[in-house]
Amino acid sequence: MDTIGHMGPDIHREVSIPYSGAIIVAAGSGARLGADVPKALVEAAGRSLVSWCLAAFDASPRVASIVIVAPSGHLPAFRALAAAAATPVAVVPGGATRADSVACGLEALAPALHHVLVHDAARPLVTPAMVAAVLDGIGDAAGAILAAPLADTLKRVAPGGLIADSPSREGLWGAQTPQAFVADALRDAVATARAHGRLGAATDCSSLMEAVGRTVRVVDPGAPNLKVTTTTDLALVEALLSVRGRGPVG
Ligand code: CTP
Ligand code: MG
C-alpha cells in the first residue's frame, strides 16, 4: 500500500495512512443558476466555487493528487487554477451527466491510489476537516459520504401542487459530497452501472456502490456544506464564506 512520505513533522503520525486521490466534478453548466459562465467558475466571496474546493483538497495532507473534471469549452480557466496548486492537479473534460464526468475523472486518476474522493464543485464550503472526516469514516466499509439527517417534514406532491402524503423522515439523510471510496470498488461500481445502462441516472457515487451491494457509511459534516443550485444558495454560501474568511478552515 502506498503511504505518505513527505509529511514533515507529522510523518510519524501519518505514515501508515494510504494516499487518496480527489476528483472534483465541475463540468456542469449550472442551468438552474443561470450565470453567463459555468457554475464552477462563478465567484463567491472573491474566488470561484471550484477554486474554494480546490483549496480545501490542496490543503488536505492525505490527498496526493487531484483531477478537476471541467466543461470542455473552458479548460484553460481550470488549468490556470490547477497550475497554482501545490498538489498535482490534472484537468480533463467531462461527460453528458455527473456520473459520466465521474467516470472521466476516474480514468485520469493514478491507478495506484487506494482511496478516491469525489466532490461537487458546487459545494465550496468543504474544508480539510471534512475531507479527513469522510476518509476516516470508511473504516471497514467500502466508502463513506458526508450527509445530514433531514430536518423538514416531507411531502410527496402530485402534479398540480396538491400534497399526496407525508412520508416519514425517520432514517432519511440528505447526501452531500465529498464522498470517499476504496478506489477499485468505485471503479467496479461505475463499470457495472455502465454495462447495465444505468450510469447516467446516478446523481451520486454512493448509489452506484449501493447498487452492487457495497457498504457505505454516513458521516455528519459538522458544519454547513451547502450546494449551490440557485442564486439564493449562492448568496447564502457567499455570506458563510465571508464570515469564515479568505481561506478554508478546519
Ligand atoms: N457535473 C459534471 N458533469 C455534468 C453535470 C454535472 O461534472 N455533466 C457536476 C457539476 O459541475 C456540479 C456537480 O456535478 O459540480 C453537481 O451537479 P449540479 O449541482 O446539478 O450542477 P449542474 O449540473 O452544473 O447544474 P444544473 O443541474 O442546474 O445545470
Ligand atoms: Mg445538474
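Residues numbered from 1 in each chain as written. Chains lettered and ligands numbered in written order. Predicted model: local features only at pLDDT ≥ 70, side-chain atom pairs only at ≥ 80, totals over all residues. Heavy atoms only, no water.

Chemist: Hey, could you run me through the overall build of the chain in this one?
Modeler: Helix and strand content of the chain: eight helices and 11 strands. Over its C-alpha atoms the chain spans a radius of gyration of 18 Å, differing by no more than 12% from the 18 Å that the globule rule assigns to 250 residues. By its C-alpha atoms, the chain is 60 × 40 × 35 Å across when sized along the principal axes. By the burial criterion, 45% of the 250 residues in the chain qualify as buried. The long-range fraction of contacts in the chain, counting pairs at least 24 apart against all pairs at least 6 apart in sequence, stands at 70%. If the 19 positive side-chain charges of the chain are averaged to one point and the 21 negative ones to another, these points end up 3 Å apart. (Helix = DSSP H or I, 4+ residues; strand = E, 2+ residues; numbered from the N terminus. Rg over C-alpha atoms; globule rule 2.2 N^0.38 Å. Buried < 20%, exposed > 50% of the residue type's maximum accessible area, 1.4 Å probe, protein only. Contact = heavy atoms within 4.5 Å. Lys, Arg positive; Asp, Glu negative; His and termini not counted. Charge placed at Lys NZ, Arg CZ, Asp CG, Glu CD.)

Chemist: Explanation requested: the site of ligand 1 in the structure shown.
Modeler: In the vicinity of ligand 1, 18 residues are found, and the nearest of them are Val25, Ala31, Lys39, Ser101 and Lys227. Ala121 places a polar main-chain atom, nitrogen or oxygen, 3.2 Å from an oxygen atom of ligand 1. When ligand 1 is considered free in solution it has 560 Å² of accessible area, and contact with the protein chains removes 85% of it. Grouping the constituent residues of the shell around ligand 1 by class yields seven nonpolar, six polar and five charged. (Near = heavy atom within 4 Å. Polar contact = N/O pair within 3.5 Å; in protein donor to acceptor, adjacent residues only side chain to side chain. Areas by Shrake-Rupley, 256 points an atom, 1.4 Å probe, with all protein chains shown as cover. Nonpolar A, V, L, I, M, F, W, Y, C, P; charged D, E, K, R; others polar.)

Chemist: Where do I start with the sheet that holds strand E7 (residues 143-149) in this structure?
Modeler: Through backbone hydrogen bonds, the strands of a sheet pair up, either in parallel or in antiparallel fashion. Strand order in the open sheet made by the seven strands is E5-E4-E1-E6-E10-E7-E11, with mixed pairing throughout. One side of each edge strand has no neighbouring strand; the edge strands of this open sheet are strand E5 (89-93) and strand E11 (216-219). Pairwise comparison of adjacent strand axes, ignoring direction, gives a mean angle of 25° for this sheet. In this structure, strand E4 (residues 63-70) lies alongside E5, joined through five bridges in parallel fashion. Its bridge partner lying in E5, Ala70 is registered against Pro93. (Pairing = 2+ DSSP bridges. Axes fitted to C-alpha atoms, helices over the stretch in contact; angles between N-to-C directions.)

Chemist: Sorry if this is basic, but what is going on with the side chain of Thr229 here?
Modeler: When you line up the elements, Thr229 lands in the loop between E11 and helix H8 (231-244). Here Thr229 is in contact with Arg32, Leu33 and Lys39, once residues within four sequence places are set aside.

Chemist: Can you walk me through the packing of helix H2 (residues 49-58) against helix H3 (residues 75-83) in this structure?
Modeler: When two helices pack together, their arrangement is given by the angle between their axes and by how far apart the axes lie. In the contact formed by H2 and H3, the axes pass within 11 Å of each other and the chain directions differ by 30°. Considered as vectors, H2 and H3 are oriented roughly parallel to each other. Here the hand of the crossing between H2 and H3 comes out right-handed. Contact residues: Val50, Ser51 and Leu54 in H2; Phe78, Leu81 and Ala82 in H3. Looking at the contact of H2 with H3 residue by residue, the class counts come to five nonpolar, one polar and no charged. (Parallel < 35°, antiparallel > 145°, perpendicular 65-115°, else oblique. Left-handed = near helix turned anticlockwise from the far one by under 90°.)

Chemist: What's the story with the packing of aromatic side chains in this structure? I'm lost.
Modeler: For any pair of aromatic rings, geometry is given as the distance between the ring centres together with the angle between the planes. Applying the stated criterion across every chain, the model contains zero aromatic pairs. The ring of Trp52 has Arg47 sitting right over it, with the charged end atom 4.9 Å from the ring centre. (Phe/Tyr/Trp six-rings, centres within 6.5 Å; stacked < 30°, edge-to-face > 60°. Lys NZ or Arg CZ within 6 Å of the ring centre and 35° of its normal.)

Chemist: Honestly, the pattern of salt bridges in this entry has me stumped. Any pointers?
Modeler: This structure, assessed with the given rule, holds six salt bridges. Between Asp140 and Arg217 there is a salt bridge whose closest N-O contact spans 3.3 Å. One end of the pair, Asp140, is in the loop between helix H5 (128-138) and E7; the other, Arg217, is in strand E11, with 77 residues separating them in the sequence. Judged by its relative accessible area of 72%, Asp140 falls in the exposed class. (Salt bridge = Lys/Arg side-chain N within 4 Å of Asp/Glu carboxyl O.)

Chemist: What is the right way to look at the environment of Arg244 in this model?
Modeler: Within the element layout of this structure, Arg244 appears in helix H8. Judged by relative accessible area, which is 21%, Arg244 ranks as partly exposed. Spatially, the C-alpha atoms of Arg244 and Leu125 are 9.5 Å apart, while their sequence positions differ by 119 residues.

Chemist: Mind showing me how you'd approach the confidence of the model for the chain here?
Modeler: Detailed conclusions should not be drawn from predicted coordinates in areas where pLDDT is low. Mean pLDDT over the chain: 92, with 90% of residues reaching 70 or higher. Per-residue pLDDT stays below 50 along residues 1-15; that stretch engages in 21 contacts with residues further than four places along the chain or on separate chains. (pLDDT = per-residue confidence, 0-100.)

Chemist: Is there a simple way to explain the environment of Ser101 in this structure?
Modeler: Residue position: Ser101 is located in helix H4 (residues 98-108). Placed 77 residues apart in sequence, Ser101 and Ile24 show a C-alpha to C-alpha distance of 9.4 Å. Among residues more than four places away in sequence, those in contact with Ser101 are Val25, Ala27, Val69, Gly94 and Gly95. Of the polar contacts made by the side chain of Ser101, one reaches the backbone nitrogen of Gly95; its length is 3.1 Å.

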